[in-house]
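Residue strings, one per chain:
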Amino acid sequence: MTITIIRSIIIYFTVVLAIRVMGRRQIGELSTHEFVITILISAVATVPLEDNEIPLGNSLLPILILISLEIIQSTLSMKSRKFRSIFEGNPIFVIKDGKLKQSEMRRLRLTLDDIIDSLRQQKIFDISQVKHAVVEANGKISVQKKDDGTAFTYPVIADGKEVKEYFKREAFSSSEIERILNNYGYKKEELMLLTIDENGKIFVIKKDESK
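Each chain has its residues counted from 1, running along the sequence as written. Whole-chain, interface and lining totals are the exception, using all residues; otherwise, since this is a predicted model, local features are given only for residues with pLDDT of at least 70 and side-chain atom pairs are given and counted only at 80 or more. For the side-chain quantities, the full set of heavy atoms in the structure was used; hydrogens and water were omitted.

Caption draft 1: Main features of a nonpolar patch on the surface. The patch calculation keeps residues exceeding 30% relative accessible area without a salt bridge and links them within 9 Å when they carry like charges or within 5 Å when they are nonpolar (Val, Leu, Ile, Met, Phe, Trp, Tyr). To measure how exposed things are, a 1.4 Å probe is used in the Shrake-Rupley method; for residues, cover is taken only from the protein chains shown. Definition used for salt bridges: Asp or Glu carboxyl oxygen within 4 Å of a side-chain nitrogen of Lys or Arg. Taken together, the side chains of Ile 5, Ile 9, Tyr 12, Phe 13 and Val 16 define a hydrophobic patch exposed on the protein surface, amounting to about 500 Å² of accessible area. Helix and strand assignments come from DSSP, with helices taken as H or I runs of at least 4 residues and strands as E runs of at least 2, each series counted from the N terminus. Summarising the element assignment, Ile 9 is placed in helix 1 (residues 2–22). Judged by its relative accessible area of 44%, Ile 9 is partly exposed. Type-normalised accessible area, obtained with a 1.4 Å probe on protein chains alone, sets the label of each residue: buried when under 20%, exposed when over 50%, and partly exposed for intermediate values.

Caption draft 2: Here's a closer look at the sheet that holds strand 3 (residues 130–135). Between any two strands, pairing holds if DSSP finds at least two bridges. Strands sit in the order 2-1-3-4 across an open sheet of four strands; the sheet is antiparallel. Two strands in the sheet have a free side with no partner beyond their single neighbour: strand 2 (99–100) and strand 4 (141–145). Sheet analysis places strand 1 (residues 92–96) next to strand 3, joined by three bridges and oriented antiparallel. For Ile 95, the partnering residue across the bridge sits in strand 3 and is Ala 133.

Caption draft 3: Geometry of the environment of Thr 195. Among the structural elements, Thr 195 can be located in strand 7 (residues 191–197). Residues Thr 195 and Ile 157, spaced 38 residues apart in sequence, show a C-alpha to C-alpha distance of 6.9 Å. When neighbours within four sequence positions are excluded, Thr 195 is seen to be in contact with Thr 153, Tyr 154, Pro 155, Val 156, Lys 201, Ile 202 and Phe 203. Residue contacts are counted whenever heavy atoms from the two residues lie within 4.5 Å of one another.

Caption draft 4: Structural context of the environment of Asp 159. Structurally, Asp 159 can be placed in the loop between strand 5 (153–158) and strand 6 (161–162). Assessed through its relative accessible area of 41%, Asp 159 is described here as partly exposed. As for Asp 159 and Leu 191, which are separated by 32 residues in sequence, their C-alpha atoms are 6.3 Å apart. Setting aside residues up to four positions removed in sequence, Asp 159 forms contacts with Leu 191, Met 192 and Lys 207.

Caption draft 5: Spotlight on the pattern of salt bridges. Evaluation of the coordinates by the stated rule reveals six salt bridges. Put simply, Lys 207 and Asp 159 hold a salt bridge, and the shortest N to O gap is 3.8 Å. With Lys 207 in the segment after strand 8 (202–206) and Asp 159 in the loop between strand 5 and strand 6, this residue pair connects regions lying 48 residues apart in the sequence. Lys 207 gets classed as partly exposed once you look at its relative accessible area, which sits at 30%. Between Lys 188 and Glu 162 there is a salt bridge, with the nearest N and O atoms lying 3.4 Å from each other. One end of the pair, Lys 188, is in the loop between helix 7 (174–184) and strand 7; the other, Glu 162, is in strand 6, and 26 residues separate them in sequence. For Lys 188, a relative accessible area of 24% gives the class partly exposed.

Rendered as structure tokens:
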């Protein structure tokens, strides 16, 4: 009994540490790879608790490997937007300018009921009120109503690099981005963020040059 208690305590703190390393996001906001690693850690952690004859290291080592993979993946995602796009996905319009994008629905394997259900959960009971609806990388649907008085904003530059992965079919081309930068006298390398809304208004945050 004492051995079981000790093993349970060790496993408990190991799993808590592993989840802490993955960050503070809630289950519904986990990306695909984070969700997979969470499931794997949970499965691996229970093995030595079911049989005290199994060495504790058989569980701790795989958990440490999974944590390491998560750190490596997160680091690569921070450095490469393309890598992040592959592993975490990108937001996709399913309603654009009030029109249902049926081709995107088929690609995402979403039914009309799925979209309507998501709208009702956001207290929108009439799909005709929706101007834009975007399926985010975590699978949730974000909605902009026609009467909310704001313009939809696209990220164009992030951390000094062009953003082409977001909303691929509506993304700005390199020539369009270059034209925007030239018009306002910016260099993309000096920008932390540049967005442009559907009315052509831009918003800029320059990189912090302080060290």
